[in-house]
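What follows is the residue order along each chain.
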Number of protein chains: 2
Amino acid sequence: MPTAVVGKGLEGIIAANSGICWIDGEAGVLSYRGIDIHELADNSSFEETTYLLWNGVLPNRLELREFQAQLTSARVLDQRMIDMLRSFPASATPMEVLRTSVSALSFYDADEKDNSHDANVRKAYNLTAQIAMIVAIYDRLRKGKEIVPPDRSLSHAANFLWMLNGVKPSETAVKTMDMSLILHAEHEFNASTFAARVIAATLADIHSSITGALGALKGPLHGGANEGVMHLLLTIDKLGADPIEYVKGMLAAKQKISGFGHRVYRTEDPRATHLRRMSEQLGKDAGQPKWYEMSRAIELYVNKDKKLNANVDFYSASTYATLGIDIDLYTPIFAVSRISGWAAHVIEQMDDNRLIRPRAEYVGPAYPSHYIPIDERP
Amino acid sequence: MPTAVVGKGLEGIIAANSGICWIDGEAGVLSYRGIDIHELADNSSFEETTYLLWNGVLPNRLELREFQAQLTSARVLDQRMIDMLRSFPASATPMEVLRTSVSALSFYDADEKDNSHDANVRKAYNLTAQIAMIVAIYDRLRKGKEIVPPDRSLSHAANFLWMLNGVKPSETAVKTMDMSLILHAEHEFNASTFAARVIAATLADIHSSITGALGALKGPLHGGANEGVMHLLLTIDKLGADPIEYVKGMLAAKQKISGFGHRVYRTEDPRATHLRRMSEQLGKDAGQPKWYEMSRAIELYVNKDKKLNANVDFYSASTYATLGIDIDLYTPIFAVSRISGWAAHVIEQMDDNRLIRPRAEYVGPAYPSHYIPIDERP
């Protein structure tokens with residue numbers, strides 16, 4: 001029977017044990033398996049970070065090489081998946097396409113019916129490689145461009161940019177994408193990860209879980225926020241408006257500014273620190289500091305006036321814009337990274353499972369109301 | 001910051017307010033909008049029950065006629081959806097197909113980007129009609145049969161059986177299916193509904209929510225349980241074993257018997273009462289009482305020996321088997337019904353939304369562990 005009434009949104013409620021991610025929202029600390037995100041952002045790679053998330057410890061050189069080999073050899077898509085991508089209507093958005101495609105990937109995964117730990121890890125390799133490929137391939141298809149075959153000599157970040165653009169990416173672009181993938185890889189029980197765990201806890205399968213997670217990530221209160229940031233920057237730019245005056249007007253009209261505030265952090269989002277620096281550096285290198293400068297002005301104003309801090313989404317917008325990436329790929333790229341954390345959580349959930357099934361506080365018509373014959377109803 | 005540590009699975013935790021369903025697990029009461037499930041099962045139809053779930057009150061005659069008209073006019077599938085269904089490999093299971101297809105339906109829904117109450121209701125009509133059609137159409141396609149066009153003169157239950165079998169269903173079959181759809185329509189914050197709400201709460205969209213719900217329903221700890229029951233009955237039948245002796249052996253080997261026990265009910269699941277009666281009646285009518293009798297023997301034994309009660313899944317197995325429905329359609333048929341409750345919950349969540357974002361109790365490596373250069377790792 002229900003024992004605890006809590007506020008809406010399960011705020012502050014601990015839903016399960018997890019050994020993957022530790023966040024101290026008051027102190028602004030984010031860590032994966034105990035290692036601070038700042039140390040990982042400065043030193044690690046997406047592949048190494050993913051190994052850490054899945055295995056709990058950093059790999060030695062041999063283990064990392066083996067892990068990279070597994071990931072690169074998973075860069076395969078069944079031809080029927082490509083045919084399906086070609087059949088989607090031009091109006092289909094990349095997140096709808098990714099959600100649908102990941103669901104369909106289970107058709108072609110030999111381990112679909114196997115929820116053992118080892119099978120889940122094999123499926124996680126596949127999904128990590130395939131999600132990046134699908135995002136890149138669909139973007140090329142919708143632009144009428146040729147599909148770029150994967151290059152197994154490239155890192156995950158570099159291969160993604162290669163398959164997306166069809167040109168070998170610059171070192172700066174690879175470094176930026178790789179760091180962004182590290183920063184977005186994992187964030188405890190955010191809505192998409194929690195959705196993945198609720199689904200996994202019925203012992204469905206990892207494809208069901210990740211499909212559900214993609215649905216949650218699509219929402220503007222979750223992964224969709226960086227697209228909102230970029231639309232704001234573009235609007236200000238188009239109007240030739242002063243960013244601060246424009247945002248002041250929005251706040252006066254009680255409009256929400258995307259990319260600020262966070263359910264968990266009471267300080268600056270530690271990921272924003274790195275994305276701000278990347279955004280600034282990229283802008284300088286590209287001789288296009290506009291998006292960074294506009295973002296920085298807005299951040300300083302909102303921070304001072306509303307005491308709200310920029311979150312992970314705020315500077316990923318200007319970063320991706322400067323890399324020349326389409327706005328509606330920002331959230332799919334979040335997924336290219338977050339599959340790493342989602343998979344870690346699905347594996348952890350299934351390794352020691354219990355159905356996740358809370359209760360509702362009933363606020364409807366009193367019981368028993370009665371069934372009234374249709375002709376006696378008002 | 002986290003304020004409450006709770007057991008695994010959010011058991012007994014109230015996650016949100018809801019006015020849709022009231023359950024008293026101790027007393028064995030299930031009610032939709034305050035009306036007892038027994039009164040609805042005996043008097044209502046799936047259409048009327050769905051109106052009740054979405055609108056909070058029973059419809060008058062005019063409102064019901066209008067509602068039925070909306071539902072029947074939504075019996076349309078874009079030709080590209082049919083082409084996609086044809087393209088799926090023969091090995092694709094109906095639940096994988098349904099999950100993938102519902103995700104793809106958003107491509108063709110004019111309201112995809114509109115999360116207003118009215119647009120959500122329009123999309124709910126579409127999804128309710130389309131899910132039943134997809135289950136029926138895919139089953140015919142995989143058997144190499146012609147697609148049966150929808151018949152708008154038929155009720156939801158009758159049209160589903162018509163599109164599935166290509167013959168006009170008997171009155172008993174329609175009544176059985178209709179009652180089964182009423183019984184499965186809604187059940188508060190079960191795992192699939194909760195997954196749908198977690199996804200809806202990011203303000204993604206109803207297609208994302210229902211896709212996630214389908215993923216959760218697929219799990220053997222949720223909708224997949226009635227398939228487990230039927231596989232057990234078939235195994236016993238094939239071996240010519242005594243059902244009680246067989247189940248006794250399973251229990252001695254600490255194996256779980258599908259279809260018994262429930263997170264919420266401490267009594268008989270009130271839905272089982274009706275399904276037991278339907279299973280018995282159908283068996284008699286069809287001169288095929290085998291599945292019912294076997295089920296009843298198992299139920300009496302498990303109830304006496306383990307003090308476990310049959311749940312909704314236990315007698316839906318023998319009921320569907322006697323209707324001649326393939327085992328791997330049992331869970332999809334659960335979805336044909338539950339879309340009704342899922343939609344009610346997504347609409348309720350979006351009408352008064354707050355992001356659902358709990359916390360984890362961290363049990364991983366102590367923070368701060370440090371990033372160790374690769375050549376210094378063990």
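No experiment lies behind these values; they were computed from the predicted model shown. (Residues numbered from 1 in each chain as written. Chains lettered and ligands numbered in written order. Predicted model: local features only at pLDDT ≥ 70, side-chain atom pairs only at ≥ 80, totals over all residues. Heavy atoms only, no water.)

Notes on unusual backbone geometry
- In this structure, the amide linkage connecting Y367(A) to the following residue, P368(A), adopts the cis form with an omega of -5 degrees.
- Relative to the assigned elements, P368(A) resides in the segment after β6 (359–362).
- The residue K254(A) is not glycine, and still its phi comes out positive at about 60 degrees.
- Locating K254(A) in the fold gives a position in the loop between α12 (243–252) and α13 (270–285).
- Residue classification places K254(A) among the exposed positions, given a relative accessible area of 77%.
- Positioned with a positive phi, L203(B) is a non-glycine residue whose angle comes to about 65 degrees.
- Within the fold, L203(B) resides in the loop between α9 (191–200) and α10 (206–217). (Helix = DSSP H or I, 4+ residues; strand = E, 2+ residues; numbered from the N terminus. Buried < 20%, exposed > 50% of the residue type's maximum accessible area, 1.4 Å probe, protein only.)

Focus on the nonpolar core
- Of all hydrophobic cores here, the largest spans 227 residues; its most connected members are M177(A), I210(A) and I210(B).
- Residue contributions to this core peak at 14 residues, all from helix α6 (residues 117–142) of chain A.
- Apart from residues no more than four positions distant in its own chain, M177(A) is found in contact with A157(A), F160(A), L161(A), Y320(A), L323(A), I325(A) and I333(A).
- Within the second largest apolar cluster, 28 residues are counted, among which are A195(A), V198(A), I199(A) and A201(A). (Core = buried A, V, L, I, M, F, W, Y, C linked by side-chain atoms within 4.5 Å. Contact = heavy atoms within 4.5 Å.)

Structural notes on the environment of Y125(A)
- Mapped onto the elements of the fold, Y125(A) is located in helix α6.
- In this structure Y125(A) touches W54(A), F67(A), Q70(A), L71(A) and A74(A), once residues within four positions along its chain are discounted.

Looking at the pattern of salt bridges
- Taken as a whole and assessed by the stated rule, the structure comprises 55 salt bridges over all chains.
- R142(A) is paired through a salt bridge with D328(A); the nearest N and O atoms lie 2.7 Å apart. Of this pair, R142(A) sits in helix α6 while D328(A) is found in the loop between α15 (312–322) and α16 (330–351), placing the two residues 186 residues apart along the sequence.
- Given the relative accessible area of 29%, R142(A) is considered partly exposed.
- A salt bridge links E188(B) to R359(A), with the nearest nitrogen and oxygen atoms 3.1 Å apart. Of the two residues, E188(B) sits in the loop between α8 (171–184) and α9 while R359(A) sits in strand β6, which places them in two different chains.
- Among the residues examined, E188(B) registers a relative accessible area of 2% and is labelled buried.
- Take R359(A): its relative accessible area is 7%, and that puts it in the buried class. (Salt bridge = Lys/Arg side-chain N within 4 Å of Asp/Glu carboxyl O.)

Let's talk about the packing of aromatic side chains
- Scanning the model with the defined rule gives 25 aromatic pairs over all chains in all.
- Between Y51(A) and F67(A), the ring centres sit 5.4 Å apart and the planes meet at 80 degrees, which makes this aromatic pair edge-to-face. Of this pair, Y51(A) sits in helix α2 (residues 46–55) while F67(A) sits in helix α3 (residues 61–73); the two residues are 16 residues apart in sequence, bridging distant segments of the chain.
- Residue classification places F67(A) among the buried positions, given a relative accessible area of 2%.
- With centroids separated by 4.6 Å and ring planes inclined at 50 degrees, the aromatic side chains of F260(B) and F314(B) adopt a geometry described as tilted. On the criterion of sequence distance, the pair formed by F260(B) in the loop between α12 (243–252) and α13 (270–285) and F314(B) in helix α15 (residues 312–322) is long-range, its members being 54 residues apart. Each member of the pair F260(B) and F314(B) is classed as buried.
- An aromatic cluster is present here, built from Y51(A), W54(A), F67(A) and Y125(A) joined pairwise through their rings.
- Residue placement shows K168(A) over the ring face of W162(A); its charged tip is 4.3 Å from the ring centre. (Phe/Tyr/Trp six-rings, centres within 6.5 Å; stacked < 30°, edge-to-face > 60°. Lys NZ or Arg CZ within 6 Å of the ring centre and 35° of its normal.)

Looking at the sheet that holds strand β5 (residues 35–36) of chain A
Residue and element names in this part refer to chain A.
- Taken in spatial order, the three strands make up an open sheet running β3-β4-β5, and their pairing is antiparallel. Strand pairing shows two members of the sheet lacking a second neighbour, β3 (21–24) and β5, which therefore form its edges.
- Where β3 lies against strand β4 (residues 29–32), four bridges are found, and the strand directions are antiparallel. Bridging across to β4, W22 finds its partner in S31. (Pairing = 2+ DSSP bridges.)

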